[in-house]
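Letter by letter, the chains look like this.
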Amino acid sequence: MSYVASRLSVVKPSASMAASQAAKALRAKGVDVIDLGLGEPDFPTPHHIIDAAHFAAKAGQTLYTAAAGTPEVREAIAGKFRRENGLDYTADDIVIANGAKQIIFNALMATLETGDEAILPAPYFVSYPEMVKLLGGAPVVVECPETTGFRLTPALLEKAITPRTKWLFLNMPGNPSGAVYSQSDLKALGAVLAKHPQVLILSDEIYEHILFDGREFVSFGKACPELKDRTLIVNGVSKSYAMTGWRVGYAAGPAPLLKAMSTIQSQSCTSVCSIAQAATVAALNGPQDEVGRFRQAFERRRDLVVDGIRKINGLTLSPPDGAFYAYIGCASLIGRKTPKGVVLDDDAAVSNYLLNEGRVASVPGVAYGLSPYFRISTATSEEVLTEAISRINAAVAQVE
Ligand SMILES: Cc1ncc(COP(=O)(O)O)c(C=O)c1O
């Protein structure tokens, strides 16, 4: 008899972490694998942020902090929302957690009753449905096809809402598709949501700075201020400041929700690492030029990958508008055979083939709720990406 709680039976481990583990296992056997599974910036955290952490540790900022975060970090976050997003929040309207992931987990734990529905436009970030299920909710997956730019439309949203809908998840720029919503897209979704007061909105804006072709980021909060009392804006320093390992995510939202999230935080992990909080203050209040440099590097890599993948017969790729992934269509490979005679039944088989024969780790589209695709992370050097594309090309060319 297993001692593992039954609630775990519906939850899968993270697919992107699994892809990375598979790549590591092959590497341990001496196989030269390029790991494009996990998405994290390959740049070092900017120096002034590391210096601030060092200083904080030496200055004795080494104690537990308030569950919602230090006054300094919440003030810095409120300042960021004002400056960059035109949103009027005070420090009291902000909580932090160990990454945006924990923010989302706390928000769901604070609100979901068994059977409550969360609308997840697909392709979605792999952790959304698993967190919803773990906390007793029911993911309602809405496939958003490539023909609509992988974006949720008002008609699709209207159709998905029921009296049990508790949350709508939005993610822009989106992981894995890079989809971005314009102000008018968001207003149109807002008009639907205005008719359904039971629906809370979680807008995951963690990739906001990684936006291409001169686009301006519009926060859901800015586009739909009339929904402020049921909108949770989620963000963090992981992606913008190359700080994935520091584990700081934050959110702005309505007081009753934040209070419940802080209670959960105080009874689970107490607070975020005090030193990482000091580093976050430096990230948000300090010079922003490296954020711009990272963005430019990601755009060059996006261009390189779009150009390379589009030359491969059998694969398709719509240029992502943001984030650092390419969601590559592989419909024309499905049903075909590898040189070893294995039929590529689905995108999981394609991703597996690319790993074992092409020596490139990717994540199959099935993990994101929209097939047949596979995702590669473009958060690595241009040399590595060029080599990966050449390996993918060679592997695809051998499919009969
Ligand atoms: C859409 C999205 N939200 C949240 C996260 C997690 O961010 P954090 O490192 O702040 O937990 C990721 C990380 O891959 C992501 O892609």
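See the structure printed just above.
Treat the numbers as computed from the prediction; the structure is a model and nothing was measured.

Things to note about the site of the ligand
Next up, step 1: Residues in close proximity to the ligand total 13 residues, the closest being Ala-100, Asn-175, Asp-204, Tyr-207 and Ser-238.
Next up, step 2: Interatomic distance of 3.1 Å between a backbone N/O atom of Lys-101 and an oxygen atom of the ligand.
Next up, step 3: Expressed as a share of its isolated accessible area of 400 Å², the protein-covered part of the ligand is 93%.
Next up, step 4: Among the residues making up the shell around the ligand, the classes are represented as 5 nonpolar, 4 polar and 4 charged.

Considerations on a nonpolar patch on the surface
Next up, step 1: Together, Tyr-3, Val-4 and Leu-8 give the surface a local cluster of nonpolar side chains, amounting to about 370 Å² of exposed area.
Next up, step 2: By the element assignment, Leu-8 lies in the segment before helix 1 (15–28).

Concerning the sheet that holds strand 9 (residues 325–329)
Next up, step 1: In spatial order, the strands read 9-12-11; together these 3 strands make up an open sheet with antiparallel pairing. Since the sheet does not close on itself, it has two edges, and those belong to strand 9 and strand 11 (363–364), each with one partner.
Next up, step 2: Relative to strand 12 (residues 373–377), strand 9 is paired through 5 bridges, and the arrangement is antiparallel. Counterpart to Ile-328 in the pairing with strand 12 is Phe-374.

Focus: the packing of aromatic side chains
Next up, step 1: On inspection of all chains with the given rule, the structure shows 14 aromatic pairs.
Next up, step 2: A centroid spacing of 4.5 Å and a plane angle of 5 degrees characterise the contact between Phe-43 and Phe-294, whose relative ring orientation is stacked. Taken together, the residues span a long stretch of sequence, with Phe-43 in the loop between strand 1 (34–35) and helix 2 (47–58) and Phe-294 in helix 11 (residues 289–310) at a distance of 251 residues. In this pair, the class of Phe-43 matches that of Phe-294, namely buried.
Next up, step 3: A centroid spacing of 5.7 Å and a plane angle of 80 degrees characterise the contact between Phe-81 and Tyr-250, whose relative ring orientation is edge-to-face. Here Phe-81 is found in helix 3 (residues 71–85), whereas its partner Tyr-250 is found in strand 8 (residues 249–252), with 169 residues between them in sequence. Each member of the pair, Phe-81 together with Tyr-250, is buried.
Next up, step 4: One Lys or Arg, Lys-228, reaches over the ring of Tyr-89 and ends 4.6 Å from the middle of that ring.

Rules and cut-offs
Residues numbered from 1 in each chain as written. Predicted model: local features only at pLDDT ≥ 70, side-chain atom pairs only at ≥ 80, totals over all residues. Heavy atoms only, no water. Near = heavy atom within 4 Å. Polar contact = N/O pair within 3.5 Å; in protein donor to acceptor, adjacent residues only side chain to side chain. Areas by Shrake-Rupley, 256 points an atom, 1.4 Å probe, with all protein chains shown as cover. Nonpolar A, V, L, I, M, F, W, Y, C, P; charged D, E, K, R; others polar. Patch = residues over 30% accessible without salt bridge, like charges linked within 9 Å, V, L, I, M, F, W, Y side chains within 5 Å. Salt bridge = Lys/Arg side-chain N within 4 Å of Asp/Glu carboxyl O. Helix = DSSP H or I, 4+ residues; strand = E, 2+ residues; numbered from the N terminus. Pairing = 2+ DSSP bridges. Phe/Tyr/Trp six-rings, centres within 6.5 Å; stacked < 30°, edge-to-face > 60°. Buried < 20%, exposed > 50% of the residue type's maximum accessible area, 1.4 Å probe, protein only. Lys NZ or Arg CZ within 6 Å of the ring centre and 35° of its normal.

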